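Structure at a glance
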Amino acid sequence: MIKKGLLAVLLMSQCMSSYALDLYAGIDANYIFTEIEEGDASAEFTPAALGGRFGAYLEKGVGIELYGMTGSDDEDLDIDLSINYMLGLAARFETPESEGGKIYFLLGYGITELDMDRSGSGEPGDATFHDFSYGGGVEFRLGGSDKLFINLQAIRYYAQDDIQIDGASLGLRFRF
Amino acid sequence: MLEYIESFKQRLKTRSTVLFALLVSIISLSACGGSDGDDEFKEAVKVNYLNITSIEVISDNSIVEIGVTEVYQAISNAGTSTENDVTSLVRWSSSNDTVVSINSSGVATTLSEGVVEIRAEIADLNSSKDLNASPALLESISITRDDMPATVGECTNGYQMIANGNYEDEATPRNITNIVDWTSDEPEVATVTDEGEVATLKGGSVIFTASRDAEGVPVTGSTNLTVDRDLLTSIVVTPDTDVVVFIGASQQFKALGTYSDLPGETIDITDTVDWASSDEHLEVSTKGLAEGISEGNSDVTASCAGDLTTTPPIDPTVISPAVSVSVETPVILEDIAINDGEEFEEVDLSELSVQLRANLVYSDGSNPKDVTDDEDSTWEVTDGTATLLLGNEGKVFFTERGTSVISIFYTDSDGTKVSDDIKVIVN
C-alpha cells in the first residue's frame, strides 16, 4: 500500500514539475464522526480536527490533492478516542461555477490513525484504518475574490466491518 | 500556432494519463481497505457497553484425564455486581495447543500429558487458569447427590448427581460427571441423563450407577433413590382459563406439581408428566406443547405415574383438573373498505370537503375496525386533480369539478397489506 501511495505522490509531483499548473492550498476545521458497533453495542465519537490540503488542477475542473489532518479527542461509554493523524490523496472534480459557487466531488484513498483509551487503561491504543474515501462539498468565492474560496465538505473516510469514519468540514482554499 | 496546438495536445495527453493512473491507483487501493486494530476497538466498545470491569475463568477441574473435554466459562463482574456469562464473547486460547486445544465456546480437549494455561481475553481484560492433562489412573468413583434427598416424589426432574473421581496420588477428587456413563437399573421408575440429571416417573426404588473404564478395568460408583408415590399431592395445568388455540397454531402448557415434603412450593414438572387431549381437535406433545388441529373443544390434562398402554391399564397416581381449550379457525385480515365498499362518492363543489371512512374486513366478518386515522393507514390521491388530501385522516378537499380516485393502504402488524379505492365525483 505504501508503494502505491508513493506512486501516486510521484505522479502528482511529475505532473506539477512538468507544467505551470494551477496550484492551491487550503485549511479546514473538521468534525470527524466515528461510529463503532459490536453486536448490540455501539459508541459514537466526534473529535474535532484541523486539516490542510495541497493540490493542483490537471485540467479545468479536475485536480488531485493531498490532504491531512490531526485532531482532538472525544469520549463515549468511558472510552476516549482521538485522531492521531489522517492522510490521503484524492482526485477532485468540480462542476462549472455558477453565481460564485460550485459543487465538487472527491474520490481518493486515505489512512487514519486513531488512538483509543478504554477507561483510562491506555488500551487498546493506536490502530490505523485505510480505505477508499469519497464525498463532496460546495464552495463559494469569498468576498468576490477569484483566488479565495470558502467551502463546506462531507467525506466518508472509512466504512468497513461495523466501523465508520466520516468527516464534515468548513474550510478556506486559496488558489495560487 | 501549430507548435502551441502540438504542445497543448501533448499536455492533454500526459495529464490525462496522470489522472487515469491516479484513478486506477485509487480503485486498486480501495480493494486493500482494512485495519490493524478494528477488533480491539470493537471489543473495547463491547466491554464498556456491558460495563464489564473484570472477567474470571472458571471450570470444574484443574486436572483431567487425557482425551476428555473440560468446559470453561468466562464470568464477568459487571459494574452492577451481577455476574454475567461472557463465555461466547471472549477469545479463548491455550498456552500449548499440542497438549490442550480449546475452541471458541470454551470447550478444551486434552491431547497429551502436560500443564497448560487456558486464557480468556476481551479488550484489555483477561483471566487464566491452569489445566493439567494427567495420565493418573482412576481408582474409584463416589456420587454426591447435590440437593437430591434419599426419597423424592413422582414426576420430579432436575435433581443433579455429581460423580467424583478419585485418582491415584491425588488428594482432591475430580468432578467427572460429564465423562462417566450413567445408568438407572429401573428406567421406568427414574431416568438419568448423560449429565447426571435425574427424572422420576413412578413409585419404586432405583440404583444409579456411574462407570468409567480405567485402562480396561471398569470403575463404578452407585447410589440409591426411593421414589415415593404418596409425595405428589396435586398437579395444576397452566394456563387454565379462556384458552383459545387457533388451527395450525400452538400453545405451551405448563404442569406444576405440589409435594407434601416440599410445603409451599410448586415444582415445574412439565417435562415428566404425561399429557393428554380429550379428542382429535388438539394434539399435545410430551413436553406440553399443544397444536390446534380442527375446530372444536378439547380438554387437556397432565397426569403422573399412569400407563394406559398396559393391560390392564395403570391409572395415574395424580391427575390434574382438565383445562378446556377452544380450537378455532384463525381470524385473518382480508380486506379494507372505504365507505363500506362504495365504488364512488358524488359530491358538490360547494361542499368544499368530504370525510371518507375506512374499515378493516376480517375473515369471520366480525368486528370491523375503523382505521380511518390509524397510524398504519396511508391515504393517497391516486388519480385525478379534482381533489386533494390534507393530513392522513381521510378528509378530501375539492379543488375543481371532475373525478378523483382516493386510495387507502393499510399494513397490519403481521405484514398483511390491504388496500381499497373510491371515486370521488365533484359536480
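Our structure's up above, just so we're on the same page.
The structure displayed is predicted, hence computed values, not measured ones. (Residues numbered from 1 in each chain as written. Chains lettered and ligands numbered in written order. Predicted model: local features only at pLDDT ≥ 70, side-chain atom pairs only at ≥ 80, totals over all residues. Heavy atoms only, no water.)

For chain A, the helix and strand inventory stands at 1 helix and 10 strands. A buried classification covers 45% of the 176 residues belonging to chain A. Long-range contacts, defined as pairs at least 24 residues apart, comprise 56% of the intrachain contacts of chain A with a sequence gap of at least 6. In the structure as shown, chain A presents an accessible area of about 8000 Å², 59% of it carried by carbon and sulfur atoms. (Helix = DSSP H or I, 4+ residues; strand = E, 2+ residues; numbered from the N terminus. Buried < 20%, exposed > 50% of the residue type's maximum accessible area, 1.4 Å probe, protein only. Contact = heavy atoms within 4.5 Å. Areas by Shrake-Rupley, 256 points an atom, 1.4 Å probe, with all protein chains shown as cover.)

Once that is clear, we can look at the sheet that holds strand β33 (residues 344-347) of chain B. All names here are of chain B. Read across the open sheet, the 4 strands follow the order β33-β40-β39-β36; overall the sheet is mixed. Of all the strands in the sheet, the pair left with one neighbour each is β33 and β36 (377-383). Each neighbouring strand pair of the sheet contributes to a mean axis angle of 25°, computed without reference to strand direction. Alignment of strand β39 (residues 402-411) against strand β40 (residues 417-426), held across 10 bridges, turns out to be antiparallel. In the sheet register, Y410 faces β40, and the bridge partner there is V418. (Pairing = 2+ DSSP bridges. Axes fitted to C-alpha atoms, helices over the stretch in contact; angles between N-to-C directions.)

So, on to the pairing of strand β9 (residues 114-122) of chain B. Residues and elements named next belong to chain B. Side chains G114, V116, I118, A120 and I122 of β9 all project onto a buried face; the interleaved residues V115, E117, R119 and E121 project onto a face where none is buried. Here strand β6 (residues 91-94) runs beside β9; their pairing, made up of 4 bridges, is antiparallel. Bridged to W92 within β9 is A120. The hairpin turn running from β9 into strand β10 (residues 125-133), its antiparallel successor, is 2 residues long, and A123 in that turn takes a positive phi close to 50°.

Moving on to the packing of aromatic side chains. Counted under the stated rule, the structure contains 9 aromatic pairs over all chains. A ring pair is formed by F129(A) and Y158(A), whose centres lie 5.2 Å apart and whose planes are at 80°; its orientation type is edge-to-face. Taken as a pair, F129(A) in strand β8 (residues 124-141) and Y158(A) in strand β9 (residues 148-160) lie far apart in primary sequence, 29 residues in all. Of the two residues, F129(A) and Y158(A), neither departs from the other in class, the shared state being buried. Pairwise contacts between aromatic rings join F129(A), Y158(A) and F41(B) into one cluster. Over the ring of Y24(A) we find R173(A); its NZ or CZ atom is 4.6 Å from the centre of that ring. (Phe/Tyr/Trp six-rings, centres within 6.5 Å; stacked < 30°, edge-to-face > 60°. Lys NZ or Arg CZ within 6 Å of the ring centre and 35° of its normal.)

Right, let's talk about the sheet that holds strand β19 (residues 204-214) of chain B for a bit. All names here are of chain B. Ordered by their spatial adjacency, 4 strands build an open sheet running β12-β20-β19-β16, and the pairing between neighbours is mixed. Two strands lie at the open edges of the sheet, namely β12 (151-153) and β16 (181-184), each paired on one side alone. Going from strand to strand, the sheet's axes swing by 30° on average, the running direction of each strand aside. The pairing of β16 with β19 spans 4 bridges and is antiparallel. Paired with T183 across the strands is T209, a residue of β19.

To continue, consider the layout of surface pockets. Residues and elements named next belong to chain B. Roughly 440 Å³ of volume is contained in the largest pocket. For the largest pocket, the lining is made up of 22 residues, of which D274, A305, G306, D307 and L308 are closest to its centre. If you list the elements that add at least two residues to the lining of the largest pocket, you get β26 (274-277) and β29 (296-304). Split by residue class, the lining of the largest pocket holds 12 nonpolar, 5 polar and 5 charged. (1 Å grid on protein atoms, 1.4 Å probe; cavity = no way out; pocket = protein on both sides within 12 Å on 5 of 7 lines; lining within 4 Å. Points joined across faces, edges and corners; volume = space filled by probe spheres on them. Nonpolar A, V, L, I, M, F, W, Y, C, P; charged D, E, K, R; others polar.)

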